[in-house]
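Chain by chain, the residues run as shown.
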Amino acid sequence: MNPSLDKRGAAKRALLSLAIGSFGIGMTEFVVMGLLPDIAADLLPTLWSSSPEDALSQAGWLISLYALGVVVGAPTIAGFVARFPRHRVMIGLALALTVFNALTVVLLTFELVGASRFLAGLPHGAYFGIGALVAADVMGPGNRAKGVAFILTGLTIANVVGVPIGTFLGQQWGWRVAFGVVAGVFALATVCIGFFVPEHAGEPGRTMRAELRVFRIAQVWFALGVGAIGFGGFFAVYSYIAPVVTEVAGSPAWVVPIVLVLMGLGMTVGNLVGGHLADISVKRTLLLGLAVLAVVLVLLALLSGWIVTLAIMVFVVGFVSSVLSPTIQTRLMDVAEDNQSIAAALNHSALNIGNSLGAFLGGAVIAIGWGFTAPAWTGAALAVAGLLIALLSYRVGATRSAQTRS
C-alpha cells in the first residue's frame, strides 16, 4: 500500500472518530431546544397547565445550565489537562460525556435534570478545543481553520440528522429517549477514539498557572466578547424555534424536526464555507458575518408568520451563524500567543455564554409578553453589539501596532 495513502486514511479515521463525539455534542446541546415544550410539560406539569409561556421560560434554564457547564469546564479542564497526552484526554472526555448524558435519561426531577445538564456541559469546551488542536495538526500549516471546521462538522451534521431524529423520537416516545441516543453516540465515540486516534503528545511543561496567562491578553477578551455577545443572537432564536413554528407560523409539531433539518443544513454548509473564508481573511469574514447575521435575524422576525418564509430564513440564519463559528475560533487562536490549548477551549466558553445569554434573554422577552418573535429582534441587537466589539478590537489592535512601530 502507498504509505501516503495509508497515512491519509489513518488521519481520516482519527478525525472521523473525533467528529462522532462532536456529533454527540451537537445533539446534546441542541436537541433540548426542539423538545423544550415536551420537557416543560413533563418536568413542570403544574406550571405548564397554568401558563405554558412561563413553563417554557423556566425550562429554558436547562439550556442555560448546560451552557454554564461549558463556560466553567472549558478553561478549567483544558488548562489542567494541557500537559497530558491529547489522545488519552479525548478518551476521558468522551467517557465523561457518555456518563453525564446517561444521567439526564434517568434522573426524575427538574432540579436533578438541570444538574445533569450542567455536568454534561463541563467536558464540551475541552473536547472541542483539544480536538481542534489535533485536527489542525493533522491538516498542517495554512489550513488551521479547515481543521477546526472539520471537527465542527460533526456538530453541524448533528443539526441535520441527529437533532431532528432526536426531536422526532422524543416527541413520539418521550424526550428521555433522545438523550438515551445521545449517550449511545458518546459511547461509540469513546470506543472509536480509543482505537483510531493515535498518540498525540501534550505539553508536559505547561501548568494551569501558565495557561491562565491567556487572560492577560486584551485581544483575547475582545474575541471572547464577540463570541459571547454576537453569537448569542443565534441562540436567542434557536432556543425557542419550536414555539415559533407551532405558535407563530401555525404549523403542527411534526414540522419542527423538518425546520431543524433546514437549520442544520444551513449550519453544515456555513461551517465549511466559514473555514475557507477564515483562511483567506479572518477580519473580513468576522465583520461581514456579524453584520449579515443581524440583518437576517430581523428578516426572520418579519417573515416568520408563514412557514415557507420561516423555513427559508431559518436556513439562512444557520448558514450565517456557522460561517462565524470557525472564524471566531481562529481569531481567538490568532491572538492567544502560546496559550493554544486553553484558547481553543475558551472559544466554546464564549459561544456558550452566548447560548446562555441568548436563551435567557429570549425567554425573558417571551415571559413579559412580547411574543415568540421577540427573541429574533433580541438576537439582532446582540449581533450588532458583537459587531461593535469586533470593530473596537481591530481598532485597538491597529492603534497598538502603530505605537509599536513608532
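Residues numbered from 1 in each chain as written. Predicted model: local features only at pLDDT ≥ 70, side-chain atom pairs only at ≥ 80, totals over all residues. Heavy atoms only, no water.

How should I be thinking about the overall build of the chain in this particular structure?
Across its full length, the chain carries 19 helices and zero strands. Burial status across the chain gives 58% buried among its 406 residues. Contacts spanning at least 24 positions in sequence make up 84% of the contacts within the chain whose residues lie at least 6 apart. Surface exposure of the chain reaches about 15700 Å², of which carbon and sulfur atoms provide 71%. (Helix = DSSP H or I, 4+ residues; strand = E, 2+ residues; numbered from the N terminus. Buried < 20%, exposed > 50% of the residue type's maximum accessible area, 1.4 Å probe, protein only. Contact = heavy atoms within 4.5 Å. Areas by Shrake-Rupley, 256 points an atom, 1.4 Å probe, with all protein chains shown as cover.)

Is there a simple way to think about a nonpolar patch on the surface in this case?
A cluster of nonpolar residues, Leu-265, Val-269, Val-273, Leu-277, Ile-280 and Phe-315, forms a patch on the protein surface that exposes about 470 Å² of accessible area. Counting residues per element, the nonpolar patch draws most heavily on helix α15 (residues 255-280), at five residues. Note that Leu-265 resides in helix α15. For Leu-265, a relative accessible area of 35% gives the class partly exposed. (Patch = residues over 30% accessible without salt bridge, like charges linked within 9 Å, V, L, I, M, F, W, Y side chains within 5 Å. Salt bridge = Lys/Arg side-chain N within 4 Å of Asp/Glu carboxyl O.)

Any chance you could explain the packing of helix α6 (residues 86-106) against helix α7 (residues 110-121) here in plain terms?
At their nearest, the axes of α6 and α7 sit 8 Å apart, and the two run at 165° to each other. On the basis of the axis angle, α6 is roughly antiparallel to α7. The crossing of α6 and α7 is left-handed. Residues Leu-97, Phe-100, Asn-101, Leu-103 and Thr-104 of α6 pack against Val-113, Ser-116, Arg-117, Leu-119 and Ala-120 of α7. (Axes fitted to C-alpha atoms, helices over the stretch in contact; angles between N-to-C directions. Parallel < 35°, antiparallel > 145°, perpendicular 65-115°, else oblique. Left-handed = near helix turned anticlockwise from the far one by under 90°.)

Can you walk me through the environment of Leu-155 in this structure?
Here Leu-155 is to be found in helix α9 (residues 144-173). C-alpha of Leu-155 to C-alpha of Ser-22: the two residues are 133 residues apart in sequence and 5.0 Å apart in space.

Honestly, the nonpolar core in this entry has me stumped. Any pointers?
Generally speaking, nonpolar side chains in soluble globular proteins are found buried as a group. With 100 residues, the main nonpolar core has Tyr-127, Tyr-238 and Leu-300 as its most contacted residues. Here the element with the most residues in this core is helix α1 (residues 3-34); it accounts for 11 residues. Core analysis: the next-biggest nonpolar cluster, separate from the first, contains 12 residues, Val-214, Val-220, Ala-336 and Leu-346 among them. (Core = buried A, V, L, I, M, F, W, Y, C linked by side-chain atoms within 4.5 Å.)

Could you clarify how one ought to interpret the packing of aromatic side chains in this entry?
For any two aromatic rings, the description comes down to two numbers: the centre-to-centre distance and the angle of the planes. On inspection of all chains with the given rule, the structure shows five aromatic pairs. With a centroid separation of 5.9 Å and 85° between ring planes, the pair formed by Trp-175 and Phe-179 is classed as edge-to-face. Highlighted residues: Trp-175 and Phe-179, both in helix α10 (residues 175-196), separated by four residues, approximately one helical turn. Between Phe-195 and Phe-196, the ring centres sit 6.4 Å apart and the planes meet at 50°, which makes this aromatic pair tilted. (Phe/Tyr/Trp six-rings, centres within 6.5 Å; stacked < 30°, edge-to-face > 60°.)

Help me out: how do you make sense of helix α16 (residues 282-303) in this one?
Within an α-helix, residues lying three or four positions from one another point in the same direction, as the helix has 3.6 residues per turn. Over its 22 residues, α16 runs 31 Å from end to end, which matches the ideal 32 Å to within 8%, given 1.5 Å per residue. Within the sequence span of α16, burial applies to Val-282, Thr-285, Leu-286, Leu-287, Gly-289, Leu-290, Leu-293, Ala-294, Val-296, Leu-297, Leu-300 and Ala-301. (Expected span 1.5 Å × (residues − 1).)

Where do I start with the packing of helix α2 (residues 36-43) against helix α4 (residues 52-59) in this structure?
When two helices pack together, you describe them by how their axes are tilted relative to each other and by the distance separating the axes. Packing of α2 against α4 brings their axes to within 9 Å, and their N-to-C directions diverge by 100°. In terms of axis orientation, α2 runs roughly perpendicular to α4. Only Ala-55, Leu-56 and Ala-59 of α4 make contact with α2, whose side of the interface consists of Leu-36, Pro-37 and Ala-40.

Looking at this model, I keep getting lost on helix α17 (residues 307-335). Mind explaining?
Between its first and last C-alpha atoms α17 spans 42 Å; for 29 residues at 1.5 Å apiece the expected length is 42 Å, and the two agree. Buried residues dominate α17, accounting for 22 of its 29 residues. Where α17 ends, the next residue or the one after it, Glu-337, has phi of about 60°, a positive value.

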